[in-house]
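In case you want the letters, here they are:
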Amino acid sequence: MSISEENGVEAIIWQDDHLKLLDQRILPEKEEYLSYHDSDAVASAITDMVVRGAPAIGITAAYGVVLAARACFATATSDWKSPLADSIQVLADSRPTAVNLFWALDKMKAVIEKLPMDVNPEAALLKIAIEIHQSDIAANRTMGEFGAELIADTQDSGRSVMTHCNTGALATGGLGTALGVIRTAFDKGLIDHVHADETRPWFQGARLTAWELMREGIPVSLNVEGAAAHIMKTQDISWVIVGADRITANGDVANKIGTYNLAVLALHHGVRFMVVAPSSTIDMSLEHGDDIPIEERGPDEVVAVKGQQVAPEGVDVFNPVFDVTPADLIDVIVTEKGVVERPTVEKMKALMSNERLH
Ligand code: MRU
């Protein structure tokens, strides 16, 4: 069964009894799905970025728990919950920054706790995994509408937007977060051009965002990250629109490395800065962004491009793959629960307690 929709790109498919992931490491050259029947292999797929993007990682991990539960129930003599807890920990250790991973695993754990030992847990867990997947699709649609309304309200300031990394169908269950807003705004005739940062070192912008937008006929131009200030100064950009991997209680936002640069530049150039993320990305347990674990990846991503060494052999590399944009640089956070302008602790609390904000 396939439950994603919208534009034909499906990063994550639960088919019959197993998980299929579109291998994002080889896009756009090849569109190839890999099949998973084993939760440790799913954890490796997350670590190796076969699948990536905060909401997509959470959805994938939920399906990974289904696979783990099946194996544990089939092999454990009586207590399947202990080995299952170990497999869930392997999934939790796959990547550190996107909180959607831990949010999804917590949802699965809450169901596991209530299940009796003598009942096969697979069906109950698959139901929750599908709910997590479907709720992300619905959240993407709602955020698309909220974000497009904001763009409609600022029509005087330019017809193009800038985005970073990949926040589209490949990074989520549905339309995308920031890219969902961009798609919706384009459909409504509110914007006519997207500037996409290439997003070093993994090239999510060049390989994935440019590919997604071109498939849909949305005009996009790709730029190196160093061009962002020049583009903001010389092109008619109304908004920088980005996703998030974790948002803390005060509205600080961890997102793909380079996002913070864009927020500083946006302030200087009078360009508005919008963060789009489902509430599953909000971590109210952390006071501020300094508490967010920032993933550092290996040097190969920086010193080589497609396996071709471009830096001197043996050079030292520092490769943090996320940064934290402070709340005071953010004009608005768009979630499916509502919109928070100029985020503060009080406004984030009100959002999460479901008070109407939009
Ligand atoms: O390292 P990645 O590709 O998983 O990082 C993804 C991002 O930073 C995205 O911008 C973020 O997850 C929002 S995606 C909807």
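Residues numbered from 1 in each chain as written. Predicted model: local features only at pLDDT ≥ 70, side-chain atom pairs only at ≥ 80, totals over all residues. Heavy atoms only, no water.

## Thoughts on the nonpolar core
Line of reasoning, step 1. Counting residues in hydrophobic clusters, the biggest one holds 44 residues, and the most contacted among them are I12, L19, Y63, V65, L84 and M108.
Line of reasoning, step 2. Of all the elements in the fold, those that place two or more residues in this core are β1 (12-15), β2 (18-22), α1 (39-47), α2 (54-75), α3 (81-92), α4 (100-114) and α5 (122-153).
Line of reasoning, step 3. Here the element with the most residues in this core is α2; it accounts for 13 residues.
Line of reasoning, step 4. Those residues in contact with M108 that sit more than four places away from it in its chain are A62, V65, V66, L125, I128, A129 and I132.
Line of reasoning, step 5. One finds I237, V253, V271 and A277 within the second-largest nonpolar core, a separate group that totals 25 residues. (Core = buried A, V, L, I, M, F, W, Y, C linked by side-chain atoms within 4.5 Å. Buried < 20%, exposed > 50% of the residue type's maximum accessible area, 1.4 Å probe, protein only. Helix = DSSP H or I, 4+ residues; strand = E, 2+ residues; numbered from the N terminus. Contact = heavy atoms within 4.5 Å.)

## Points about the site of the ligand
Line of reasoning, step 1. Lining the immediate environment of the ligand, one finds 19 residues, of which R52, R95, Q204, D245 and K256 sit closest.
Line of reasoning, step 2. Contact between the ligand and Q204: an oxygen atom at 2.8 Å from a side-chain N or O atom of the residue.
Line of reasoning, step 3. In the environment of the ligand, an oxygen atom lies 2.7 Å from a nitrogen or oxygen atom belonging to the side chain of K256.
Line of reasoning, step 4. Out of a free accessible area of 410 Å², the ligand has 100% covered by protein chains.
Line of reasoning, step 5. Elements with a minimum of two residues in the shell around the ligand: α2 and β9 (253-256). (Near = heavy atom within 4 Å. Polar contact = N/O pair within 3.5 Å; in protein donor to acceptor, adjacent residues only side chain to side chain. Areas by Shrake-Rupley, 256 points an atom, 1.4 Å probe, with all protein chains shown as cover.)

## So, the pattern of salt bridges
Think of it this way: side chains of opposite charge can pair up when their charged atoms draw near.
Line of reasoning, step 1. Under the criterion given, the structure shown has 14 salt bridges.
Line of reasoning, step 2. Across the pair R342 and D331 runs a salt bridge, and its minimum N-O distance is 2.9 Å. In this pair, R342 is assigned in the loop between β16 (338-341) and α11 (345-352) and D331 in the loop between β14 (322-325) and β15 (332-335), connecting sequence segments 11 residues apart.
Line of reasoning, step 3. With a relative accessible area of 41%, R342 lands in the partly exposed category.
Line of reasoning, step 4. Here the salt bridges do not stand alone but share partners, grouping R95, E295, R297 and E301 into one network. (Salt bridge = Lys/Arg side-chain N within 4 Å of Asp/Glu carboxyl O.)

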